Amino acid sequence: MSTFHLIAPSGYCINQHAAALGVERLAQQGHQVSNQHVITRRHERFAGRDEERLADINALAQLPGENIIVMPVRGGYGASRLLAGIDWQALAARQQHQALLICGHSDFTAIQLGLLANGKVITFSGPMLAGNFGAETLDAFTADHFWRAISNETFTIEWDGEGPQCDVEGTVWGGNLAMLTSLIGTPWLPQIPGGILVVEDINEHPYRVERMLLQLLHTGILAQQRALILGSFSLAQPNDYDAGYNLNKMIDYLRAQLTIPVISGLAFGHEPQTVTLPLGAHARLQHAEKTQLTLSGHPTILL
């Protein structure tokens with residue numbers, strides 16, 4: 001079995017019950033769960049002081065062992081404070097000789113993209129301890145896709161997507177849209193021409209989602225991609241003022257602005273059901289009656 005090594009680079013885990021349930025569930029499956037003290041650590045709204053949370057990240061470069069899955073307790077906010085202090089080169093060197101399988105999403109996207117930009121380190125955008133493994137009912141779809149992603153050198157995700165027919169290949173990357181756009185103009189945003197960009201978000205009105213995507217368009221990032229995949233945009237609810245404008249109308253508008261295919265409908269993001277994607281891996285996206293995303297070139301674990 002594997003060791004889950006916990007980190008807490010972002011917000012304090014207010015749902016301590018969920019985190020404890022996640023630990024218990026993983027232990028019942030035969031996994032070790034290390035560094036559990038970060039679950040209860042707190043400073044203001046954060047899961048510890050900046051130097052404590054930064055130390056969690058930098059310590060990964062010397063973390064001994066194999067078959068280690070590194071997983072944040074939760075997201076929130078706080079990772080952006082750490083970026084300038086992370087020893088990117090040491091973490092990249094650690095990955096070259098014995099790769100940790102680093103998995104998370106939401107606020108953690110900032111660190112994941114920094115690793116990809118500064119060391120070509122592939123990480124997994126997928127479940128975290130409290131929100132996913134600590135859910136009252138562990139979603140079978142999410143668990144299956146997580147283990148499939150981290151244990152198979154090549155795997156395929158299939159869904160009923162919407163968009164034009166396409167068959168393209170490139171590096172898959174992305175994650176949380178708000179975190180990605182916050183990195184524009186910084187050393188922590190990867191430069192990936194010919195990529196397949198996948199984005200998701202939560203608690204963002206459709207016009208805010210549109211505004212962030214237009215920022216990617218206006219900076220030339222979207223024009224460099226071979227395709228854009230839209231995951232879930234949880235709680236992106238229009239209101240009476242919108243007068244018919246909604247997420248689907250936003251997507252229609254976006255498609256009209258782009259020459260690359262925009263494929264929507266992927267279960268990816270802040271939902272109980274989410275796939276796991278290896279950011280930085282090679283991907284082939286095929287869309288006709290069904291949509292298939294085949295991924296390869298990422299680190300795996302021995303089960």
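The structure displayed is predicted, hence computed values, not measured ones.

Student: Is there a simple way to think about the pattern of salt bridges in this case?
Tutor: Pairing between side chains becomes possible if they bear opposite charge and their charged atoms approach one another. Summed over the entire model, instances satisfying the criterion amount to six salt bridges. Between Asp50 and Arg81 there is a salt bridge, with the nearest N and O atoms lying 3.3 Å from each other. In this pair, Asp50 is assigned in helix 2 (residues 50-58) and Arg81 in the loop between strand 3 (68-72) and helix 3 (88-97), connecting sequence segments 31 residues apart. Classification of Asp50 as partly exposed rests on a relative accessible area of 26%. Judged by its relative accessible area of 43%, Arg81 falls in the partly exposed class.

Student: Quick question: what am I supposed to make of the packing of helix 3 against helix 4 (residues 109-119) here?
Tutor: Helix packing geometry: the angle between the two helix axes and the distance between the axes. Two elements in contact, helix 3 and helix 4, have axes separated by 9 Å at closest approach and are oriented at 80 degrees. Between helix 3 and helix 4, the angle falls in the class roughly perpendicular. Contacts from Trp88, Gln89, Leu91 and Ala92 in helix 3 reach Ile111, Gly114, Leu115, Asn118 and Gly119 in helix 4. Looking at the contact of helix 3 with helix 4, its residues break down into five nonpolar, four polar and no charged.

Student: Is there a simple way to think about the UniProt feature "domain: LD-carboxypeptidase N-terminal" (unreviewed entry) in the chain in this case?
Tutor: Within the UniProt annotation, "domain: LD-carboxypeptidase N-terminal" (unreviewed entry) is assigned to residues 6-126. Helix makes up 36% of residues 6-126 and strand 14%, whereas the separation of the span's terminal C-alpha atoms amounts to 14 Å.

Student: Where do I start with the sheet that holds strand 2 (residues 32-34) in this structure?
Tutor: For sheets, the rule is that strands pair by backbone hydrogen bonds, running either parallel or antiparallel. In space, the six strands of this open sheet follow the order 2-1-3-4-5-11, with mixed pairing throughout. Single-partner strands in this sheet number two, and they are strand 2 and strand 11 (277-279). With direction set aside, neighbouring strand axes in the sheet form an average angle of 30 degrees. Sheet topology places strand 3 next to strand 4 (residues 101-104); two bridges connect them, and they run parallel. The residue bridging Val70 from the neighbouring strand is Ile102, located in strand 4.

Student: Please clarify how the nonpolar core should be interpreted in this entry.
Tutor: Buried together is how nonpolar side chains tend to be arranged in soluble globular proteins. Ile86, Trp173, Val199, Leu213 and Leu228 are the most contacted members of the largest nonpolar core, which has 53 residues in total. Looking at this core element by element, the count peaks at six residues for helix 8 (residues 206-218). Formed jointly, this core draws a minimum of three residues from each of two domains, domain 1 (3-153) and domain 2 (155-296). In terms of nonpolar packing, the next biggest core, distinct from the first, is built from 46 residues, Ala18, Trp159, Ile196 and Ile263 among them.

Student: Hey, could you run me through the domain arrangement of the chain in this one?
Tutor: Interfaces are often sized by the amount of accessible area the parts lose when they come together. Per the domain assignment, the segments making up the chain are domain 1 (3-153) and domain 2 (155-296). If you average the C-alpha positions of domain 1 and of domain 2, the two centres end up 23 Å apart. Facing 33 residues of domain 1, the contacting portion of domain 2 comprises 33 residues. Carbon and sulfur atoms supply 66% of the area that domain 1 and domain 2 bury against each other, a total of about 2,500 Å² over both sides. Remark: the boundary between domain 1 and domain 2 carries zero salt bridges. At the junction of domain 1 with domain 2, the criterion picks out nine residue pairs in polar contact (both at pLDDT 80 or more). Secondary structure elements with two or more residues in the side of domain 1 that touches domain 2: helix 4, strand 5 (123-125) and helix 6 (140-151).

Thresholds, definitions, all that
Residues numbered from 1 in each chain as written. Predicted model: local features only at pLDDT ≥ 70, side-chain atom pairs only at ≥ 80, totals over all residues. Heavy atoms only, no water. Salt bridge = Lys/Arg side-chain N within 4 Å of Asp/Glu carboxyl O. Helix = DSSP H or I, 4+ residues; strand = E, 2+ residues; numbered from the N terminus. Buried < 20%, exposed > 50% of the residue type's maximum accessible area, 1.4 Å probe, protein only. Axes fitted to C-alpha atoms, helices over the stretch in contact; angles between N-to-C directions. Parallel < 35°, antiparallel > 145°, perpendicular 65-115°, else oblique. Contact = heavy atoms within 4.5 Å. Nonpolar A, V, L, I, M, F, W, Y, C, P; charged D, E, K, R; others polar. UniProt positions renumbered as here; feature names shortened; annotations may be inferred. Pairing = 2+ DSSP bridges. Core = buried A, V, L, I, M, F, W, Y, C linked by side-chain atoms within 4.5 Å. Domains from an automatic or database assignment. Buried area = accessible area lost by both parts, 1.4 Å probe. Polar contact = N/O pair within 3.5 Å; in protein donor to acceptor, adjacent residues only side chain to side chain.

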